[in-house]
Amino acid sequence: MLLWSIDATTGYDTAWARIDADCMTAEGRTCGLSPDPFWVTYTFETSDAYATRRMAVEARWAGGSAVLDLRRDDAGWTVNGVPRPELDAALDCDLAGCPLTNTMPILRHRIHREPGERDFLIAFIEVPSLRVVANAQRYTHLLANDDGGGLVRYSSGSFQSDLTIDRNGFVVDYPQLGRRVEARPALE
């Protein structure tokens, strides 16, 4: 289980994530108080090479709710069953305020371990509305650590942040968004 404290929303994101070979599955919940209180639940799965297969999301906020069934297959992307050809070049989705969804492009291209810079088109999911928009993102390798983790620069538009990534490809620290919460040793 992974848990992040999300400063940007005055909230948390948590996920039970599993990686098998080059596939990932996850179930998660995120909640926040800013700019307005909300909570989101999601299930996620990739196909080979960590490419998004499906993201199912439910969101609730004061006075509203939304449901999203985002899918990608050989025919392209659908949002709640409606084809979205403007997303066809994308392999990944990114749920706003969810550091877990930065993992797929990082693992696929080993950006936390190997030099390089990659540009991606991403199916970006706005929270809490769950509106899906095409979003250009760039990931740049900055540093590989001896433990297998690294430092990766994430940028989208004018936003930029240097992410600390663990050896498994998960975000540890995401300046301007939040940081992972680690378990403390039990007191004796």
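Quick summary incoming for the structure in this document. (Residues numbered from 1 in each chain as written. Predicted model: local features only at pLDDT ≥ 70, side-chain atom pairs only at ≥ 80, totals over all residues. Heavy atoms only, no water.)

### Remarks on the overall build of the protein
What the protein contains, in helices and strands, is one helix and 15 strands. In terms of C-alpha radius of gyration, the protein reaches 16 Å, essentially the compact-globule figure of 16 Å for 188 residues. For the C-alpha atoms alone, the extent of the protein along its principal axes is close to 45 × 40 × 35 Å. Evaluated residue by residue, the protein yields a buried proportion of 45% over its 188 residues. A separation of at least 24 residues holds for 42% of the contacts in the protein among residues at least 6 apart in sequence. The distance from the centre of the 19 positive side-chain charges to the centre of the 27 negative ones in the protein is 1 Å. (Helix = DSSP H or I, 4+ residues; strand = E, 2+ residues; numbered from the N terminus. Rg over C-alpha atoms; globule rule 2.2 N^0.38 Å. Buried < 20%, exposed > 50% of the residue type's maximum accessible area, 1.4 Å probe, protein only. Contact = heavy atoms within 4.5 Å. Lys, Arg positive; Asp, Glu negative; His and termini not counted. Charge placed at Lys NZ, Arg CZ, Asp CG, Glu CD.)

### Focus on the pattern of salt bridges
Considering all chains together, one arrives at 14 salt bridges under this definition. Arginine 138 serves as the salt-bridge partner of glutamate 117, at 3.8 Å between the closest nitrogen and oxygen. One end of the pair, glutamate 117, is in strand S10 (residues 117-125); the other, arginine 138, is in strand S11 (residues 132-144), with 21 residues separating them in the sequence. Classification of glutamate 117 by relative accessible area gives partly exposed; the value is 48%. Note that arginine 153 and aspartate 162 form a salt bridge whose closest N and O atoms lie 2.7 Å from each other. The exposure class of arginine 153 is partly exposed, given its relative accessible area of 28%. Judged by its relative accessible area of 26%, aspartate 162 falls in the partly exposed class. (Salt bridge = Lys/Arg side-chain N within 4 Å of Asp/Glu carboxyl O.)

### Regarding the side chain of threonine 9
Structurally, threonine 9 can be placed in the loop between strand S1 (2-6) and strand S2 (11-20). With residues up to four places along the chain from it excluded, the contact list for threonine 9 reads Cys31, Gly32, Leu33, Ser34 and Phe38.

### Thoughts on the pairing of S11
Summarising the sheet, S10 and S11 pair through nine bridges and their orientation is antiparallel. Bridging from a neighbouring strand, alanine 123 pairs with alanine 134 of S11. The hairpin turn running from S10 into S11, its antiparallel successor, is six residues long, and leucine 130 in that turn takes a positive phi close to 65°. As paired strands, S11 and strand S12 (residues 150-156) are joined by six bridges and run antiparallel to one another. Within S12, the position partnered with arginine 138 by the bridge is serine 155. From the end of S11 to the start of S12, which pair antiparallel, there are five residues, and glycine 148 there has a positive phi angle of about 95°. (Pairing = 2+ DSSP bridges.)

### As for the packing of aromatic side chains
The description of an aromatic ring pair rests on the distance of the ring centres and on the angle between the ring planes. The tally for this structure, following the rule as stated, stands at five aromatic pairs. Between tyrosine 154 and tyrosine 174, the aromatic rings sit 6.0 Å apart at their centres with planes inclined by 55°, giving tilted as the arrangement. Here tyrosine 174 lies in strand S14 (residues 171-174) and tyrosine 154 lies in strand S12, a separation of 20 residues in the sequence. Residue classification places tyrosine 154 among the buried residues on the basis of a relative accessible area of 5%. Ring geometry for phenylalanine 159 against tyrosine 174: centres 6.4 Å apart, planes inclined by 40°, an arrangement best described as tilted. Here phenylalanine 159 is found in strand S13 (residues 159-165), whereas its partner tyrosine 174 is found in strand S14, with 15 residues between them in sequence. Here phenylalanine 159 falls in the partly exposed class, since its relative accessible area comes to 30%. (Phe/Tyr/Trp six-rings, centres within 6.5 Å; stacked < 30°, edge-to-face > 60°.)

### As for the nonpolar core
Met55, Leu70, Leu100 and Ile125 are the most contacted members of the largest nonpolar core, which has 44 residues in total. Apart from the residues within four sequence positions on either side, leucine 100 is in contact with Leu2, Trp4, Asp13, Ala15, Ala17, Met24, Ala26, Tyr42 and Phe170. (Core = buried A, V, L, I, M, F, W, Y, C linked by side-chain atoms within 4.5 Å.)

### Some words on the pairing of S14
Alignment of S13 against S14, held across two bridges, turns out to be antiparallel. The partner of isoleucine 165 across the bridge, within S14, is valine 171. Between S13 and S14, which follow one another and run antiparallel, lie five residues, and glycine 169 among them has a positive phi close to 95°. For S14 and strand S15 (residues 178-180), the ladder comprises two bridges, and the chain directions are antiparallel. What sits directly across from tyrosine 174, in S15, is glycine 178. What sits between the antiparallel neighbours S14 and S15 is a turn of three residues, in which glutamine 176 has the positive phi angle 80°.

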